[in-house]
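A closer look at the structure
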Amino acid sequence: MMALLGNLPWLLLSSETLAKVRTVVDVVLVLALTYGILRVVAERRTLWMVRGFIVLLFAASFSRAIELYFLGFVLHNLVIGSAVALAVILQGEIRIFLEQLGRGQLLSLMQPVVESSLTNDAVDLIVTAVKGLSQDRTGALILLETHTKLSPQDFTHAGIALNARLSPELITCIFQVSSPLHDGAIWVRGSEVVAAKLILPLSDRTGPWQLGTRHRAALGITERISHCVCVVVSEETGSISLAFKGELQRPLTSSKLGELLRQYVQNQATETSQPTQRRHSLKFWKMVWPLR
Ligand SMILES: Nc1ncnc2c1ncn2[C@@H]1O[C@H](COP(=O)(O)OP(=O)(O)OP(=O)(O)O)[C@@H](O)[C@H]1O
């Protein structure tokens, strides 16, 4: 009886309408799944891969729908190959996705991406360290996350994990030439030094100055990823530079560096204090469409 009552609304619909409803539900579910996956994947290059995969998937389905069987066959096999490659590359993200599914936290897939922040306190500590390094002409490369997490795949080599509390003494110590960790960059998230000895992707640009590899590494990572800034101290001259979105500001005094970094903190706070709903839709469209 209950089953009959439950089926009543469906019985009232014609089979044609039912087919249309089913198609709409099907499309909505696929879009929701795509949205969920894109929400979990915060990192830009990973997002490119996932987006490429989704395009391939749609292309394969579309070519079959319009009966281009040979193209459909090739695309279908490409999808399978890419799925295997993605499963290997995106182990971490897939694990998070499956964990959330397993815990029944479907709604959390729609939540904003977890954000980590560069704080004014962290800026003060970094500026103190940079001031000392600059005076001693100790070369340094400090990568700072701003409002979205970086991941080891962003780097050419992810270095050595530290997960240590940020302090001027720690930074100074790491960059001493005698330290086994001094070569490469350090990665700072909030008030933590996540890792040292990172190798960053190099930029092809040399700019008006004949830039060495330390500065080109700062440009390289900030060209590729917009949610980070990179502080460079030149070993040769002690000059301080700041890279953001592939642009280098130099030479800076330590107080100017502090001022610029606090501005980033301020911008980040403004960005994350937008009404949640608007932020969701903006982030979604930013993810689906505009990546440089
Ligand atoms: N891809 C990279 N990622 C991270 N660090 C790097 C990278 N390439 C070079 N470095 C760091 O830069 C150092 C070499 O700096 P180099 O003299 O070539 O650059 P620079 O920009 O002229 O810097 P400086 O003015 O300090 O000499 C290396 O010892 C290493 O610590």
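Residues numbered from 1 in each chain as written. Predicted model: local features only at pLDDT ≥ 70, side-chain atom pairs only at ≥ 80, totals over all residues. Heavy atoms only, no water.

Looking at an unreviewed UniProt entry, one finds the protein chain named Diadenylate cyclase, with Thermosynechococcus vestitus as its source organism. In the Catalytic activity (unreviewed entry) part of its UniProt record, the protein chain is described as follows: "2 ATP = 3',3'-c-di-AMP + 2 diphosphate". (UniProt positions renumbered as here; feature names shortened; annotations may be inferred.)

1. Comments concerning the confidence of the model for the protein chain
For the protein chain, mean pLDDT is 80; residues scoring 70 or higher make up 77% of the total. When the elements of the protein chain are averaged for pLDDT, helix H10 (residues 276–288) gives the smallest value, 40, and helix H7 (residues 168–175) the largest, 97. Low pLDDT (under 50) marks residues 273–292, which in the prediction has 36 contacts with non-local residues, meaning those over four places away or in another chain. As a predicted assembly, this complex carries a pTM of 0.63 together with an ipTM value of 0.93. (pLDDT = per-residue confidence, 0-100. Helix = DSSP H or I, 4+ residues; strand = E, 2+ residues; numbered from the N terminus. Contact = heavy atoms within 4.5 Å.)

2. A look at the packing of aromatic side chains
What the rule picks out here adds up to 2 aromatic pairs. Taken together, a centroid distance of 5.0 Å and an interplanar angle of 65° make the contact between Phe-155 and Trp-187 edge-to-face. Linking Phe-155 in the loop between strand S1 (140–145) and strand S2 (160–165) with Trp-187 in strand S3 (residues 185–189), this pair joins segments that are 32 residues apart in sequence. Judged on exposure class, the residue Phe-155 and its partner Trp-187 are both buried. With centroids separated by 4.6 Å and ring planes inclined at 55°, the aromatic side chains of Phe-244 and Tyr-264 adopt a geometry described as tilted. Of the two residues, Phe-244 is situated in strand S6 (residues 240–244) and Tyr-264 in helix H9 (residues 254–272); the sequence distance between them amounts to 20 residues. (Phe/Tyr/Trp six-rings, centres within 6.5 Å; stacked < 30°, edge-to-face > 60°. Buried < 20%, exposed > 50% of the residue type's maximum accessible area, 1.4 Å probe, protein only.)

3. Describing the pattern of salt bridges
Within the structure shown, the criterion is met by 4 salt bridges. Asp-124 is the partner of Arg-262 in a salt bridge, and the nearest nitrogen-oxygen pair spans 2.9 Å. Note that Arg-262 is positioned in helix H9 and Asp-124 in helix H6 (residues 120–136), a separation of 138 residues in sequence. On the basis of relative accessible area, Arg-262 is assigned to the partly exposed category, the value being 34%. Under the relative-accessibility criterion, Asp-124 is labelled partly exposed at 35%. Glu-235 is the salt-bridge partner of Arg-214, the closest N and O atoms lying 3.2 Å from each other. (Salt bridge = Lys/Arg side-chain N within 4 Å of Asp/Glu carboxyl O.)

4. Focus: H6
Between the first and last C-alpha of H6 there are 24 Å, a value that for 17 residues agrees with the 24 Å anticipated at 1.5 Å per step. Within H6, burial applies to Ala-122, Val-123, Ile-126, Val-127, Ala-129, Val-130, Leu-133 and Ser-134. Backbone geometry just downstream of H6 places Arg-137 in the positive-phi region, at approximately 55°. (Expected span 1.5 Å × (residues − 1).)

5. Let's talk about the sheet that holds S2
Here we have 7 strands laid out as an open sheet, ordered S2-S4-S3-S1-S5-S6-S7, and mixed in their pairing. Edge positions in the open sheet fall to S2 and strand S7 (247–252), since each of these has one partner strand only. Looking at each pair of strands side by side, their axes are set apart by 20° on average, direction ignored. Where S6 meets S7, 4 bridges bridge the pair, whose relative direction is antiparallel. Across the sheet, residue Phe-244 finds its bridge partner in S7, namely Glu-247. Relative to the sheet, H7 contacts S1, S2, S3 and strand S4 (192–198), its axis offset from that of S1 by approximately 135°. Set on the sheet, helix H8 (residues 213–224) makes contact with S1, strand S5 (228–233), S6 and S7; between it and S5 the angle comes to about 175°. (Pairing = 2+ DSSP bridges. Axes fitted to C-alpha atoms, helices over the stretch in contact; angles between N-to-C directions.)

6. Brief notes about the pairing of S4
S4 sits mainly inside the fold: 5 of its 7 residues count as buried. Relative to S4, S2 is paired through 4 bridges, and the arrangement is antiparallel. The residue of S4 that forms the bridge with Ala-161 is Ala-195. One ladder, built from 4 bridges, connects S3 with S4; its direction is antiparallel. Along S4, the bridge assignment pairs Ala-185 with Leu-198. The hairpin turn running from S3 into S4, its antiparallel successor, is 2 residues long, and Gly-190 in that turn takes a positive phi close to 60°.

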